[in-house]
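Each chain, letter by letter, is given below.
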Amino acid sequence: MAIAAVVIAILLLVVLITGVKLNPFLAFLVASIAAAIMLGIPLDKIPGTIETGIGGILGSLAVILCVGAMFGKLVAESGAAQQISSSLMRWCGKKYITWALMFTGFIVGLPLFYNVGFVLLVPLVFSVMYQTKLPAVYLGIPLLAALSVTHGFLPPHPSPVALIPQFGADMGTTLFYGIMVAIPTMIIAGPVFTSTLKNIHSVPLATFKPTDLPANELPGIANSFFTSLLPVLMIALSSLAIYMLPAAIAQAPWVQLLSNSMIVLLIALALATYTLGIKRGMSMGRIMGIYADAIKDIAVILLIVAGAGALKQVMVDSGVSEQLALSLKNVALNPLVLAWLIATIIRIALGSATVAGLTAAGIVAPIIPLTGADPNLMVLAIGAGSLMCSHVNDSGFWMYKEYFNLSLKDTFKSWTLMETIVGIVGLMGVLVLDIFV
């Protein structure tokens with residue numbers, strides 16, 4: 001019944017959005033309430049579950065999405081994105097631009113959480129699109145594939161970091177193996193796969209369309225790159241500080257504050273306001289107007305992400321994710337494949353990669369000593385499974401759809417298939433490593 005309820009809720013969500021043409025936020029609320037009833041959550045507890053889900057996901061994302069949108073809008077309007085895209089074109093050429101974007105996503109994705117990297121780098125993709133006249137999806141998928149593999153496989157991202165101590169794995173070894181798996185995975189899911197997507201055309205959100213300025217009016221190359229990458233640099237330095245500084249300093253309140261993604265983005269936005277705005281002659285009124293426009297365009301995405309959070313919370317509170325995982329616990333499979341499969345099932349049911357990874361870890365951790373599986377590879381196998389089959393209950397699915405302004409069909413053909421390729425190729429990489437280590 002639990003599996004049937006999950007399937008019915010997801011089908012209802014798809015029908016409401018595609019068939020009835022209901023606003024996705026309202027569709028999520030209806031599907032969440034229906035799922036809660038079918039899964040046996042007490043009727044008087046359902047509103048609290050919905051509110052917890054919405055508040056929980058917006059609590060971590062609202063500031064990041066809004067401030068990130070402001071930052072991206074200013075980078076676009078000031079001409080910094082145009083300068084960066086022009087420089088990438090000169091250095092890499094149009095032929096290799098997807099590879100340049102992929103490695104940009106990988107480098108930036110190492111220290112940044114996925115959602116932060118998304119809102120910071122997608123405007124760069126759109127700027128390159130307007131410069132090259134190439135489809136946005138064709139350019140965006142390699143960069144997003146790189147962000148996905150760093151999110152699922154590599155510390156310091158939440159799921160790998162949480163799984164390492166649970167499994168008794170080693171941080172350095174997991175990172176080394178993770179990079180070995182991540183590079184071929186993002187190549188296949190990025191530049192190789194995206195060559196099949198050239199026929200998907202979209203008109204991205206207008207808020208990130210860069211102003212086409214004459215070359216002499218663009219900010220300098222150093223200013224453009226430094227300001228745009230400042231959040232990445234700050235988070236990278238704070239991540240290194242945690243591991244390199246004495247524990248007393250690394251755990252100091254001011255270090256924890258300055259390493260927080262929200263605080264980093266606020267500091268970066270303040271500096272960008274000066275370096276890309278005031279210093280170059282923009283009035284404060286115009287800059288605030290740019291920020292207001294960014295917020296208007298991001299509002300619908302916030303609501304959709306909130307709806308996805310409500311459905312996820314229903315699945316968590318009902319215990320269906322644990323039921324699904326336990327039903328697979330005794331299946332006779334290679335422990336790495338079993339861990340991947342459990343994470344995949346939970347990912348499909350809940351949508352959240354981090355929740356899927358952490359839930360799967362709690363199920364398979366007790367069996368690791370009995371199987372002799374390499375704990376570092378178990379972390380990576382679960383990471384690969386947690387990225388599989390992103391669909392309508394995943395906030396990342398809707399962020400991608402709304403930013404790139406795509407139909408559901410084209411979102412499935414590009415985003416969902418890319419994430420599935422990441423999950424499958426990632427597992428294959430883990431199994432190959434298992435032969436040699």
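What comes next is a walk through the structure. Computed from a predicted model, the values in this text were never measured in an experiment.

## Here we look at the environment of Met315
With respect to the helices, strands and loops of the structure, Met315 is situated in helix H14 (residues 284-318). Assessed through its relative accessible area of 0%, Met315 is described here as buried. Sequence separation between Met315 and Ala35 is 280 residues; the distance between their C-alpha atoms is 8.0 Å.

## Details of the nonpolar core
Among the nonpolar cores identified, the biggest contains 149 residues, and Leu144, Phe167 and Phe404 are the most heavily contacted of them. Dropping the residues within four chain positions of it, Phe167 is found in contact with Ala361, Val364, Ala365, Ile368, Pro375, Met378, Val379 and Ile382.

## Quick look at the packing of helix H6 (residues 114-132) against helix H7 (residues 136-153)
With their axes 9 Å apart at the nearest point, H6 and H7 run at an angle of 160° to one another. Judged by the inter-axis angle, H6 sits roughly antiparallel to H7. In terms of crossing hand, the pair formed by H6 and H7 is right-handed. Side by side, H6 and H7 meet where Tyr114, Gly117, Phe118, Leu121, Val122, Val125, Phe126, Val128, Met129 and Thr132 of the first sit next to Ala136, Leu139, Gly140, Leu143, Leu144, Leu147, Ser148 and His151 of the second. In the contact of H6 with H7, the residues fall into 13 nonpolar, five polar and no charged.

## A word on the pattern of salt bridges
Summed over the entire model, instances satisfying the criterion amount to five salt bridges. Put simply, Lys73 and Glu77 hold a salt bridge, and the shortest N to O gap is 3.6 Å. Note that Lys73 and Glu77 are positioned in helix H3 (residues 46-77) at a spacing of four residues, about one turn of the helix. An identical accessibility class is assigned to Lys73 and Glu77; each is buried. The closest approach of N and O atoms between Glu419 and Arg347, which form a salt bridge, is 3.2 Å. Here Arg347 lies in helix H16 (residues 335-350) and Glu419 lies in helix H21 (residues 408-436), a separation of 72 residues in the sequence. Taking relative accessible area as the criterion, Glu419 reaches 3% and is therefore assigned buried. Residue classification places Arg347 among the buried positions, given a relative accessible area of 2%.

## Thoughts on the packing of H16 against helix H17 (residues 353-364)
Relative orientation of the contacting elements H16 and H17 amounts to 140°, with a least axis distance of 8 Å. In terms of axis orientation, H16 runs oblique to H17. Judged by the twist between their axes, the crossing of H16 over H17 is right-handed. Taking contact as the criterion, the partners of Ala339, Ile342, Ala343, Ile346, Arg347 and Leu350 in H16 are, on H17, Ala353, Val355, Ala356, Thr359, Ala360, Ile363 and Val364. Grouping the amino acids of the contact of H16 with H17 by side-chain chemistry returns eleven nonpolar, one polar and one charged.

## Points about H7
Given 3.6 residues per helical turn, the α-helix brings residues three or four places apart onto the same face. Counted at 1.5 Å a residue, the expected span for H7 with its 18 residues is 26 Å, and the 26 Å between its end C-alpha atoms agrees. Counting buried residues along H7, 18 of its 18 residues qualify, which places the element largely inside the surrounding structure.

## So, unusual backbone geometry
Backbone geometry at Cys389 places phi at a positive 50°, although glycine is not the residue there. With respect to the helices, strands and loops of the structure, Cys389 is situated in the loop between helix H19 (375-385) and helix H20 (395-404). Phi at Asn405 takes a positive value of approximately 55°, unusual for a residue other than glycine.

## Considerations on a nonpolar patch on the surface
On the surface, Leu245, Ile249, Trp254, Leu257 and Leu258 cluster together into a nonpolar patch covering about 470 Å² of accessible area. Sort the elements by how many residues they give to the nonpolar patch and helix H12 (residues 253-258) lands first, with three residues. With respect to the element layout, Leu245 can be found in the loop between helix H10 (221-244) and helix H11 (247-250).

## Notes on the environment of Pro335
Structurally, the position occupied by Pro335 is in helix H16. Here Pro335 falls in the buried class, since its relative accessible area comes to 18%. When the C-alpha positions of Pro335 and Thr174 are compared, they lie 17 Å apart, and in sequence the two are 161 residues distant. If near-sequence neighbours (up to four positions away) are discounted, Pro335 is found in contact with Thr371, Ala373 and Met378.

## A closer look at the packing of aromatic side chains
Scanning all chains against the criterion turns up nine aromatic pairs. Relative to Tyr177, the ring of Phe176 has its centre 6.1 Å away and its plane inclined at 45°; by these criteria the two rings are tilted. For Tyr177, a relative accessible area of 14% gives the class buried. Residues Tyr400 and Trp415 carry aromatic rings whose centres are separated by 5.3 Å and whose planes lie at 25° to one another, so their mutual orientation is stacked. Of the two residues, Tyr400 is situated in helix H20 and Trp415 in helix H21; the sequence distance between them amounts to 15 residues. Taken individually, Tyr400 and Trp415 each receive the classification buried, so the pair is uniform in this respect. The structure contains a cluster of three or more aromatic residues connected by ring pairs, namely Phe28, Phe397, Trp398 and Phe412.

The rules behind these values
Residues numbered from 1 in each chain as written. Predicted model: local features only at pLDDT ≥ 70, side-chain atom pairs only at ≥ 80, totals over all residues. Heavy atoms only, no water. Helix = DSSP H or I, 4+ residues; strand = E, 2+ residues; numbered from the N terminus. Buried < 20%, exposed > 50% of the residue type's maximum accessible area, 1.4 Å probe, protein only. Core = buried A, V, L, I, M, F, W, Y, C linked by side-chain atoms within 4.5 Å. Contact = heavy atoms within 4.5 Å. Axes fitted to C-alpha atoms, helices over the stretch in contact; angles between N-to-C directions. Parallel < 35°, antiparallel > 145°, perpendicular 65-115°, else oblique. Left-handed = near helix turned anticlockwise from the far one by under 90°. Nonpolar A, V, L, I, M, F, W, Y, C, P; charged D, E, K, R; others polar. Salt bridge = Lys/Arg side-chain N within 4 Å of Asp/Glu carboxyl O. Expected span 1.5 Å × (residues − 1). Patch = residues over 30% accessible without salt bridge, like charges linked within 9 Å, V, L, I, M, F, W, Y side chains within 5 Å. Areas by Shrake-Rupley, 256 points an atom, 1.4 Å probe, with all protein chains shown as cover. Phe/Tyr/Trp six-rings, centres within 6.5 Å; stacked < 30°, edge-to-face > 60°.

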